[in-house]
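# Commentary on secondary and tertiary structure
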Amino acid sequence: AGFIKSPLSQKRLTQDSVELYCEAIGNPIPEIQWWFEGNEPNETYAQLWDGARQDRVKINATYNLHSTSTIYIANLTSDDSGMYECRASNDPDRNHLSKSPKVKWIRSQANVFVIERPDITTHVISESGKLILSCNMTVPYPGISGHEWMHGDKILHTDADSGPLTSYIIEGKKEEHSGIYECVYKTSPVIKGQVNISVAPQVLAYKKSEHGNEGDTGVLICKSPSFPAVDAWAWYKNGQEVSARIINGSGRYIIKSSGNKTELRILKLSIEEDTGDYHCNATNSYGSGSAIVNLRVRSRLAALWPFLGIVAEVLVLVTIIFIYEKRRKPDEVLDGKRRLEKSNATNHKDKNVRQRNAN
């Protein structure tokens, strides 16, 4: 048996892609072939192979216990509309040029309709601290049941309007909201337009101030979340003159840059040579931007200074207490004796008075 595990009828837009999946079960394991019949009146079925239609057709097949095959067609055109047929057979003579196979090919079909993609004009207008994004379908398209605005996987806005024009307002500056935005028309199939907010790189230092110990490896990082992506990164020390540029692999410097991130590694940090300001500069087709990272290199003994300070404070405090107690003891003993003698004298006097009164 053979069957296609895809919808029997699919609608696609020009420049889109389509994928059909077919399975066949039998013993011995059957072979799967893909055939196509166009919509022209006199057109007949023709076999498809991997790499057909200027390498837009990709066919993958696996034969393990049963047969599975997938056909993928990229960058669809109106000529790709038609009937796609999955054929399966395990007859030994299935591909013989003169003999007819005893077991007929089992067939399953799926119809693909490729619809001309309508043109969508897009605009970005900046006014009064707002960004107005708009999409307009130049040719009326039937069956619009609403719109969505998306940024990546996040849905920003949705409505149920059926018109060809849709817009979305962003509060803020272009530099704060650069990226790729999509206007989605709820149709069958779904139609999308793309609105790009493009700016020069807005560079941010991962940390504005970095600390490292002498002899260790220092790591400085800069990023740019802006769109479009950075074309080139450059690092400078204590200024952005050509003479201050750091060359990757020179001396103790290693630079690793990928897309919107760059990293500068400095091996065996030196207090005298490496302390200072480092500029990371990014460039794209809309301009350039930079950020500054201040690097401070500490001595290896720097971590001991707080501990030694605490120890010194304790020693000074103990010494002061010891000296204070040493000087204070004789005075306290003398004062105690005087109080005792005075108390005894008072008691004798009271005793004599009581004896005279008794007599």
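Residues numbered from 1 in each chain as written. Predicted model: local features only at pLDDT ≥ 70, side-chain atom pairs only at ≥ 80, totals over all residues. Heavy atoms only, no water.

Labelled according to an unreviewed UniProt entry, the protein appears under the name Basigin, originating from Dromas ardeola.

Across the sheet, five strands lie side by side as β2-β9-β8-β4-β5; this open sheet has mixed pairing. The two strands at the open ends of the sheet, each matched to only one other strand, are β2 (9-13) and β5 (46-48). Shown here is a sheet whose adjacent strand axes are inclined to one another by a mean of 30 degrees, direction ignored. As paired elements, strand β4 (residues 31-38) and strand β8 (residues 82-89) share eight bridges and run antiparallel to each other. Its bridge partner lying in β8, Glu 37 is registered against Met 83. (Pairing = 2+ DSSP bridges. Helix = DSSP H or I, 4+ residues; strand = E, 2+ residues; numbered from the N terminus. Axes fitted to C-alpha atoms, helices over the stretch in contact; angles between N-to-C directions.)

Looking now at the side chain of Glu 31. Looking at the element boundaries, Glu 31 is found in strand β4. A distance of 2.6 Å separates polar atoms of two side chains, one belonging to Glu 31 and the other to Arg 94. The residues touching Glu 31, leaving out its near neighbours within four places in the chain, are Tyr 63, Arg 87, Ala 88, Ser 89, Arg 94, Asn 95 and Trp 105. (Polar contact = N/O pair within 3.5 Å; in protein donor to acceptor, adjacent residues only side chain to side chain. Contact = heavy atoms within 4.5 Å.)

With that settled, consider a nonpolar patch on the surface. A surface patch of nonpolar side chains, amounting to about 380 Å² of accessible area, comprises Phe 307, Leu 308, Val 311 and Leu 315. Examined against the element boundaries, Leu 315 turns out to sit in helix α3 (residues 304-358). (Patch = residues over 30% accessible without salt bridge, like charges linked within 9 Å, V, L, I, M, F, W, Y side chains within 5 Å. Areas by Shrake-Rupley, 256 points an atom, 1.4 Å probe, with all protein chains shown as cover. Salt bridge = Lys/Arg side-chain N within 4 Å of Asp/Glu carboxyl O.)

The next subject is the packing of aromatic side chains. Under the counting rule described, the total for this entry stands at two aromatic pairs. The interplanar angle of 45 degrees and the centroid separation of 4.7 Å between the aromatic rings of Phe 36 and Tyr 84 together place this pair among those described as tilted. Placement of Phe 36 in strand β4 and of Tyr 84 in strand β8 is noted, with a sequence separation of 48 residues between them. An identical accessibility class is assigned to Phe 36 and Tyr 84; each is buried. Against the face of Phe 36 rests Arg 53, its NZ or CZ located 4.4 Å from the ring centre. The residue whose ring lies beneath Arg 87 is Trp 35, and the NZ or CZ to ring-centre distance is 4.0 Å. (Phe/Tyr/Trp six-rings, centres within 6.5 Å; stacked < 30°, edge-to-face > 60°. Buried < 20%, exposed > 50% of the residue type's maximum accessible area, 1.4 Å probe, protein only. Lys NZ or Arg CZ within 6 Å of the ring centre and 35° of its normal.)

This part takes up the side chain of Glu 263. Its place among the elements puts Glu 263 in strand β22 (residues 261-266). Owing to a relative accessible area of 14%, Glu 263 belongs among the buried residues under this scheme. Engagement of the side chain of Glu 263 in a polar contact is seen with the side chain of Arg 265, the distance being 2.8 Å. Apart from the residues within four sequence positions on either side, Glu 263 is in contact with Val 219, Leu 220, Ile 221, Trp 235, Ile 254, Ile 255 and Lys 256.

With that out of the way, let us pick up the pattern of salt bridges. Within this structure, the stated rule accounts for eleven salt bridges. Here Arg 87 and Glu 85 are joined by a salt bridge, their closest N and O atoms 2.5 Å apart. Using a relative accessible area of 10% as the deciding quantity, one classes Arg 87 as buried. Each of Arg 53, Arg 56 and Asp 80 takes part in a single network of salt bridges with overlapping partners.

Now for the environment of Gln 47. Looking at where Gln 47 falls in the secondary structure, it is placed in strand β5. Classification of Gln 47 by relative accessible area gives partly exposed; the value is 37%. When the C-alpha positions of Gln 47 and Glu 85 are compared, they lie 9.2 Å apart, and in sequence the two are 38 residues distant. Setting aside anything within four residues of it in sequence, one finds Gln 47 in contact with Gln 33, Trp 34 and Trp 35.

Excluding glycine, residues mostly have negative phi values, and the peptide bonds linking residues are mostly trans. Backbone torsion omega between Asn 27 and Pro 28 reads 0 degrees, so that peptide bond is classified as cis. Following the sequence through the fold, Pro 28 ends up in the loop between β3 (18-24) and β4. Backbone torsion omega between Ser 188 and Pro 189 reads 0 degrees, so that peptide bond is classified as cis. One can find Pro 189 in the loop between β15 (179-185) and β16 (191-197). Although it is not a glycine, Asn 75 sits at a positive phi angle of roughly 50 degrees. In this structure, Asn 238 takes a positive phi of about 55 degrees despite not being glycine. Here Asn 238 is to be found in the loop between β20 (232-237) and β21 (253-258).

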